[in-house]
Amino acid sequence: MSDRKPSRLSADIDLEADGKRTGFVRIPHSVHRSAYGWLPLPIACISNGEGPRVLLMAGNHGDEWEGQLALGKLIRTLEPKNVRGKLTILPSSNFPAAMAGMRTSPIDDGNLNRSFPGNPDGTVTQQIAYFIEHSLMPKCQFHFDLHSGGSSLIYIPSSLCRLDPDPARRQAQIARMRAFGAPIGYVSTSPQGDERTATSAAMRQGVEHMGTELAGAGAVTPAALKIAEEGLLRVLAHIGVLHGLEIPPPPKTPTRLMRVEGPDYYVYAPDGGVFEPLVELGDDVVAGQPAARVHQHDTPWREPVVARFARAGTVICKRQPGRTERGDCLFHLATDYVE
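About the thresholds
- Along each chain, the written sequence defines residue order, and numbers are assigned to residues from 1.
- For this predicted model, a pLDDT threshold of at least 70 governs which residues receive local features, and a threshold of 80 or more governs which side-chain atom pairs are given and counted, while totals over whole chains, interfaces and linings are taken from all residues.
- The side-chain figures draw on all heavy atoms in the structure; neither hydrogens nor water molecules are used.
- Put simply, DSSP marks the helices as runs of H or I at least four residues long and the strands as runs of E at least two long, and each gets a number from the N terminus on.
- The contact definition used throughout considers only heavy atoms, calling two residues in contact when any of these lie within 4.5 Å.
- Identification of polar contacts relies on pairs of N or O atoms within 3.5 Å, with a donor-acceptor requirement for protein atoms, meaning one able to donate a hydrogen and the other able to accept it, and with residues adjacent in sequence counted only if both atoms are side-chain atoms.
- What a helix is expected to span follows from its residue count: subtract one and scale by 1.5 Å.
- Only protein chains enter the accessibility calculation, which uses a 1.4 Å probe; a residue is then buried when its area is under 20% of its type maximum, exposed when over 50%, and partly exposed in between.
- We treat two strands as partners when DSSP finds at least two bridges between them.
- Only buried Ala, Val, Leu, Ile, Met, Phe, Trp, Tyr and Cys residues count toward a nonpolar core, and they belong to the same one when joined by side-chain atoms within 4.5 Å.

Enquirer: Lay out the environment of Glu-16 in plain terms, naming residues and giving numbers.
Expert: Its place among the elements puts Glu-16 in the loop between strand S1 (10–11) and strand S2 (19–28). Sequence spacing of Glu-16 and Lys-139 is 123 residues, and the spatial spacing of their C-alpha atoms is 9.7 Å. Residue contacts for Glu-16: discarding those within four places in its chain leaves Arg-21, Arg-53, Lys-86 and Lys-139. Side chain to side chain, Glu-16 and Lys-86 meet in a polar contact 3.4 Å long.

Enquirer: Now, about helix H6 (residues 222–238): what can you tell me, with residues and values included?
Expert: Counted at 1.5 Å a residue, the expected span for H6 with its 17 residues is 24 Å, and the 24 Å between its end C-alpha atoms agrees. By the burial criterion, the buried members of H6 are Ala-224, Leu-225, Ile-227, Ala-228, Gly-231, Leu-232, Leu-233, Arg-234, Val-235 and Leu-236. Looking at the buried side of H6, the elements it contacts are strand S4 (53–58), helix H1 (65–77), strand S5 (85–90), strand S6 (142–147) and helix H4 (167–180). Two residues or fewer after H6 comes Gly-240, characterised by a positive phi angle close to 90°.

Enquirer: Explain the sheet that holds strand S13 (residues 273–277) residue by residue, including any values.
Expert: Here we have four strands laid out as an open sheet, ordered S16-S15-S13-S18, and antiparallel in their pairing. With one partner strand each, in any of the chains shown, strand S16 (305–308) and strand S18 (323–324) form the two edges of the open sheet. Bridge count between S13 and S18: two bridges; the pairing is antiparallel. Bridging across to S18, Val-274 finds its partner in Arg-323.

Enquirer: Which residues make up the nonpolar core, and what values go with them?
Expert: Within the largest apolar cluster, 37 residues are counted, with the highest numbers of intra-cluster contacts made by Val-54, Leu-56, Leu-87, Ile-89, Phe-144 and Leu-236. If you list the elements that add at least two residues to this core, you get strand S3 (38–48), S4, H1, S5, S6, H4 and H6. In terms of residue count, the dominant contributor to this core is H6 (seven residues). Apart from residues no more than four positions distant in its own chain, Leu-56 is found in contact with Leu-71, Leu-74, Leu-87, Thr-88, Ile-89, Leu-90, Phe-144, Leu-232 and Leu-236.

Coordinates in, geometry out; function isn't part of it.
Structural data, given as structure tokens:
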């Protein structure tokens, strides 16, 4: 018998019965304006008999919009007859952050994707993380967490995962990324990662995982949203949870498999100032190549500081805002992965 404490969060819908249900996870929130109040975290379940059980998340960071819109459309358009198994959908997982249009929660400054495994008696964000990892994940076989670059970054739309050491499971992970069909699918071959993320939570619970980075820049583009919406349908059909639907064909250009490993894949601002990129998304670079100039506009007679790439690779992500501070991520590289 488990001695784990129960979550304080509760759903106002039946999360196990067949059918289609929408409602809220109630997050107790006692504040000055509402002594016995609760925050409404949107949730949906679409269930129909036996089959794969899938947890779909977006809005893990509140300013990442593409996945939130794609999951909203999925809730509106799917019916139980289209499903074999069960979809549990959290379109705005860190709901306070999503409502504020922020990466982190305005209530506790919590970054949900740095809050797992959570705490049932902790801050609002920690309680959400605890509910996801300990109430939802153990009842699922698959976990898909849709991210993008948010307000500070923009990506070439990508899927991603931390590869399993087991060869058969690894091939299944790659097959799901190919089914999703983003231009890039990047992997980490390290068995260890930040233990505070939803990916690590899924791995602790024995759940198959896949994430995305779907453009970003704090906005939504038709191209990125199309990748999200069509990719979701393809990957859900691939694992056998959808039927009776017309599934979009795979893109003409197959997913380019790449890898991201150590800290040398990233470039950080060496000083505060105005960020001038010297390369663009998709460019191939070499070690030592200038990546950016950072201009000190408070003392414009000074020469700008130059940031350089530490290794060769392809630019898959870059910073969006012009103003930067020392330590901000400016670029993110990837290198080709050979199966």
